[in-house]
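# Reading the structure
Read off the chains here:
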Amino acid sequence: MKEKFHEYLENIKKDLIFLSNQVEHNIHQSIKAFVTNDEKLAKKIIDDDKKIDRTEVEIEDKFLGLLAMQQPVAVDLRFTVGGLKMNNDLERIGDHAVTIARTVINIDAGKILETKDDIPALGEMACKMLHLAVNAFIHQDAELGRQVCKMDNEVDDFYDGFVKRTIEVCKKDRDKLDNGFHYVRIARSLERIADHSTNISEDVIFMKEAKIIRHHFQE
Amino acid sequence: MEIIPVTEKNSLEQDNRSVKRNEVVRTENLDFFYNPESHALKNINLSIPGKKVTAFIGPSGCGKSTLLRCFNRMNDLLPGSYLKGRVLIDNKDIYANGIRLEELRKKVGMVFQKSNPFPMSIWENVAFGPRVNGESDKHTIEEVVKSALEQADLWKETKDRLNESALDLSGGQQQRLCIARTLANKPEIILMDEPASALDPISTGKIEETIIELKKNYTIIIVTHNMQQAARISDFTAFMMLGEMIEFNDTKTLFTNPNENLTEEYITGRFG
Ligand SMILES: Nc1ncnc2c1ncn2[C@@H]1O[C@H](COP(=O)(O)OP(=O)(O)O)[C@@H](O)[C@H]1O
Ligand SMILES: [Mg+2]
């Protein structure tokens with residue numbers, strides 16, 4: 001019975017890694033779609049998100065089955081609770097890829113703002129955090145999780161600066177206002193992805209050390 | 001530097017033979033389990049050449065780090081894990097009885113995903129290995145520290161502040177310090193697990209330049225998540241999926257004309 005249980009847990013872990021890969025990929029693609037103004041790619045991203053949603057539901061079902069049938073305790077219970085949260089964060093990150101893709105479709109490619117290059121730069125920071133958070137999960141590495149949490153401030157600062165710079169551009173050139181709004185919306189999604197990656201890292205720390213560090217109570 | 005020729009026809013056969021010529025690491029039917037349910041590496045057979053950069057790529061969780069950690073027995077630390085098959089370095093089975101772990105880890109150095117400088121000065125970080133290994137001649141240590149920092153391309157930036165805390169360095173500098181610390185042990189092989197994954201693009205570029213310099217004197221095996229990075233800096237690339245080695249090839253062939261459909265699918269989907 002114990003063996004079956006751990007086999008089941010390992011399987012869910014594999015599913016979560018699979019979902020992580022799908023989500024990481026979709027985010028990368030959404031940034032690429034923005035940079036190259038690729039509407040076709042944007043539509044594919046929106047379509048591929050259905051798979052992500054399906055995987056998320058499957059994983060949730062499996063966790064619920066585990067809770068109901070096996071009543072996990074201690075480290076296994078923490079893995080279950082942390083894993084459920086991570087599953088949810090991953091799905092939300094996937095939704096942000098869709099938001100970015102939808103926005104790309106609305107952008108007027110003729111009116112480029114001077115802050116355009118900041119978006120892939122911000123995207124790279126967010127993707128790095130996501131990737132490292134996933135790695136922290138794979139290795140159950142709380143130390144790496146902590147490092148990811150620290151990276152979030154940098155993303156927030158960059159985002160704030162980006163918004164200010166973009167507003168300045170729009171003030172000078174009202175024609176660019178629509179696109180400026182789209183840019184900010186994309187940057188906002190990227191900033192949120194960094195937040196979700198931080199959540200995932202915190203979940204890993206919780207799974208590993210039974211410490212809840214959300215909202216930074218004890219810092 | 002020896003260049004391995006690749007012809008259009010029979011490229012795989014050709015370079016497999018060339019690889020064998022200066023093989024440094026070999027695995028034979030290698031299987032690794034974190035626990036009986038977690039079969040992380042499946043029958044890996046690999047031959048890695050000396051004084052080259054070999055990159056491991058593949059989706060997250062496919063076993064790249066696990067494989068890398070088999071080469072200096074880092075996985076030994078995990079209770080419940082076990083390994084089947086063999087890992088040979090310079091034709092010696094590193095899992096055989098009588099292998100001295102300290103010696104192995106000196107010869108096969110490692111740089112991690114997160115930079116982990118010790119909370120001490122820059123100088124002490126680099127001098128740490130030689131001192132622990134019994135070197136006491138001050139002059140020799142000075143030389144080793146300087147040379148290691150130079151090779152890691154950190155000497156110029158730090159030579160006037162060697163007594164400052166390593167923790168005050170930037171992320172990219174900390175990672176290069178970790179490379180210097182590894183080099184101070186005079187390794188032959190350097191394992192790097194996504195060494196640039198937490199760094200900004202400029203620091204990443206510097207690390208890549210350093211790696212290309214280092215391969216003149218060291219065998220480098222690097223896990224990377226970034227395929228452009230693998231294409232830029234490696235001579236050979238191994239593509240893994242779900243614990244299996246799907247394809248091992250010279251980097252150019254793997255990225256332009258892979259032998260396996262799975263490789264093709266992965267790189268076309270992910271490149272860019
Ligand atoms: N410490 C560990 N305990 C149990 N399983 C692990 C551990 N580290 C990794 N694994 C499992 O081994 C597999 C390979 O992981 P890893 O080698 O880290 O992949 P990669 O480096 O390619 O992202 C994953 O499925 C992961 O869940
Ligand atoms: Mg890894």
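The following paragraphs examine the structure supplied in this document. Predicted, not measured: the structure shown is a model, and the values here were computed from it.

This part covers the overall build of chain A. Scanning chain A from N- to C-terminus turns up six helices and zero strands. If you list the helices and strands of chain A from N to C, you get α-α-α-α-α-α. In summary, chain A has a C-alpha radius of gyration of 19 Å against a globular reference of 17 Å for 219 residues, a match within 12%. Referenced to the eigenvectors of the C-alpha coordinate spread, the extents of chain A come out at roughly 65 × 40 × 20 Å. Within the span of chain A, comprising 219 residues, buried residues form 55% of the whole.

As a further point, take the overall build of chain B. Within chain B, the secondary structure is distributed over 11 helices and 10 strands. Over its C-alpha trace chain B gives a radius of gyration of 19 Å, about what one expects of a compact globule, namely 19 Å for 272 residues. A principal-axis box enclosing the C-alpha atoms of chain B has dimensions of 55 × 40 × 35 Å. Residues classed as buried in chain B amount to 53% of the 272 residues present.

Attention now goes to the nonpolar core. Counting 60 residues, the largest nonpolar core has F63(A), L90(A), F137(A), I186(A) and L190(A) as the members making the most contacts within it. Sort the elements by how many residues they give to this core and helix α4 (residues 118-139) of chain A lands first, with 13 residues. What I186(A) contacts, discounting residues up to four positions off in sequence, is F34(A), I100(A), T103(A), V104(A), I107(A) and I119(A). Within the second largest apolar cluster, 43 residues are counted, among which are L177(B), I190(B), I211(B) and L214(B).

As a further point, take the side chain of T27(B). Residues and elements named next belong to chain B. Mapping T27 onto the fold places it in strand β1 (residues 23-35). T27 sits in the buried class, given a relative accessible area of 2%. When sequence neighbours within four positions are dropped, the list of residues in contact with T27 reads I44, N45, L46, F71, R86 and V87.

Around ligand 1 lies a shell of 15 residues, among which H139(A), G61(B), K64(B), S65(B) and T66(B) are the nearest. In this structure, ligand 1 is bordered by residues of chains A and B. Contacts to ligand 1 include H139(A), whose side-chain N or O atom sits 2.7 Å from an oxygen atom. A distance of 3.5 Å separates a nitrogen atom of ligand 1 from a polar side-chain atom of Y34(B). Relative to its free-state accessible area of 550 Å², ligand 1 is covered by the protein chains to the extent of 90%.

Right, let's talk about the pairing of strand β7 (residues 189-193) of chain B for a bit. Across a regular strand the side chains alternate sides, sitting on one face of the sheet and then on the other. All names here are of chain B. Burial analysis of β7 places five of its five residues in the buried class, the great majority of the element. Residue alternation in β7 divides its side chains into two sets, I189, L191 and D193 and I190 and M192, and both sets are buried. Inspection of the sheet shows strand β6 (residues 108-111) paired to β7 by four bridges, in the parallel sense. Directly across from V111, in β7, lies its bridge partner M192. For β7 and strand β8 (residues 219-223), the ladder comprises five bridges, and the chain directions are parallel.

The subject of this paragraph is the environment of L177(A). Within the element layout of this structure, L177(A) appears in helix α6 (residues 177-209). As for L177(A) and I112(A), which are separated by 65 residues in sequence, their C-alpha atoms are 11 Å apart.

Moving on to the sheet that holds β1(B). Within a sheet, each strand pairs with its neighbour through backbone hydrogen bonds, oriented either parallel or antiparallel. All names here are of chain B. Pairing in this open sheet of four strands is antiparallel, and the strands run β2-β1-β4-β5 from one edge to the other. The open sheet is flanked by β2 (38-49) and β5 (92-93), the only strands paired with a single partner. Pairing between β1 and strand β4 (residues 82-89): seven bridges, direction antiparallel. Bridged to D31 within β4 is K84.

Time to look at the sheet that holds strand β10 (residues 244-250) of chain B. Residue and element names in this part refer to chain B. Strand order in the open sheet formed by six strands is β6-β7-β8-β3-β9-β10, with mixed pairing between adjacent strands. Each edge of the sheet is formed by a strand with only one pairing partner; in this case those strands are β6 and β10. Taken pair by pair, the neighbouring strands of this sheet meet at an average axis angle of 15 degrees, ignoring direction. The strands that helix α7 (residues 171-183) touches are β6 and β7; relative to β6, the one it contacts most, it runs at about 170 degrees.

Next up on the list: the interface of chain A and chain B. Counting from both sides, the interface comprises 25 residues of chain A and, opposite them, 23 residues of chain B. For the chain A and chain B pair, buried surface summed over both sides reaches about 1,900 Å², with 48% attributable to carbon and sulfur atoms. Across the chain A-chain B interface, the total number found is one salt bridge. The salt bridge involving D141(A) is made with K114(B); its shortest N-O contact spans 2.7 Å. Across the chain A-chain B interface, the total number found is six residue pairs in polar contact (both at pLDDT 80 or more). The set of elements that each furnish at least two residues to the side of chain A that touches chain B consists of α1 (2-36), α4 and α5 (142-172) of chain A. Tallying contributions element by element places α1(A) first for the side of chain A that touches chain B, with 12 residues.

The next subject is the packing of helix α5 (residues 138-151) of chain B against α7(B). Residues and elements named next belong to chain B. Relative to each other, α5 and α7 sit at 135 degrees, their axes nearing to 8 Å. Taken together, the axes of α5 and α7 are oblique relative to one another. Taken as a pair, α5 and α7 cross one another with a handedness that is right-handed. Contact residues: A148, L149 and Q151 in α5; L177, A180 and L183 in α7. Partitioning the contact of α5 with α7 into residue classes produces five nonpolar, one polar and no charged.

Here is what the cut-offs are and how they apply
- Residues numbered from 1 in each chain as written.
- Chains lettered and ligands numbered in written order.
- Predicted model: local features only at pLDDT ≥ 70, side-chain atom pairs only at ≥ 80, totals over all residues.
- Heavy atoms only, no water.
- Helix = DSSP H or I, 4+ residues; strand = E, 2+ residues; numbered from the N terminus.
- Rg over C-alpha atoms; globule rule 2.2 N^0.38 Å.
- Buried < 20%, exposed > 50% of the residue type's maximum accessible area, 1.4 Å probe, protein only.
- Core = buried A, V, L, I, M, F, W, Y, C linked by side-chain atoms within 4.5 Å.
- Contact = heavy atoms within 4.5 Å.
- Near = heavy atom within 4 Å.
- Polar contact = N/O pair within 3.5 Å; in protein donor to acceptor, adjacent residues only side chain to side chain.
- Areas by Shrake-Rupley, 256 points an atom, 1.4 Å probe, with all protein chains shown as cover.
- Pairing = 2+ DSSP bridges.
- Axes fitted to C-alpha atoms, helices over the stretch in contact; angles between N-to-C directions.
- Buried area = accessible area lost by both parts, 1.4 Å probe.
- Salt bridge = Lys/Arg side-chain N within 4 Å of Asp/Glu carboxyl O.
- Parallel < 35°, antiparallel > 145°, perpendicular 65-115°, else oblique.
- Left-handed = near helix turned anticlockwise from the far one by under 90°.
- Nonpolar A, V, L, I, M, F, W, Y, C, P; charged D, E, K, R; others polar.

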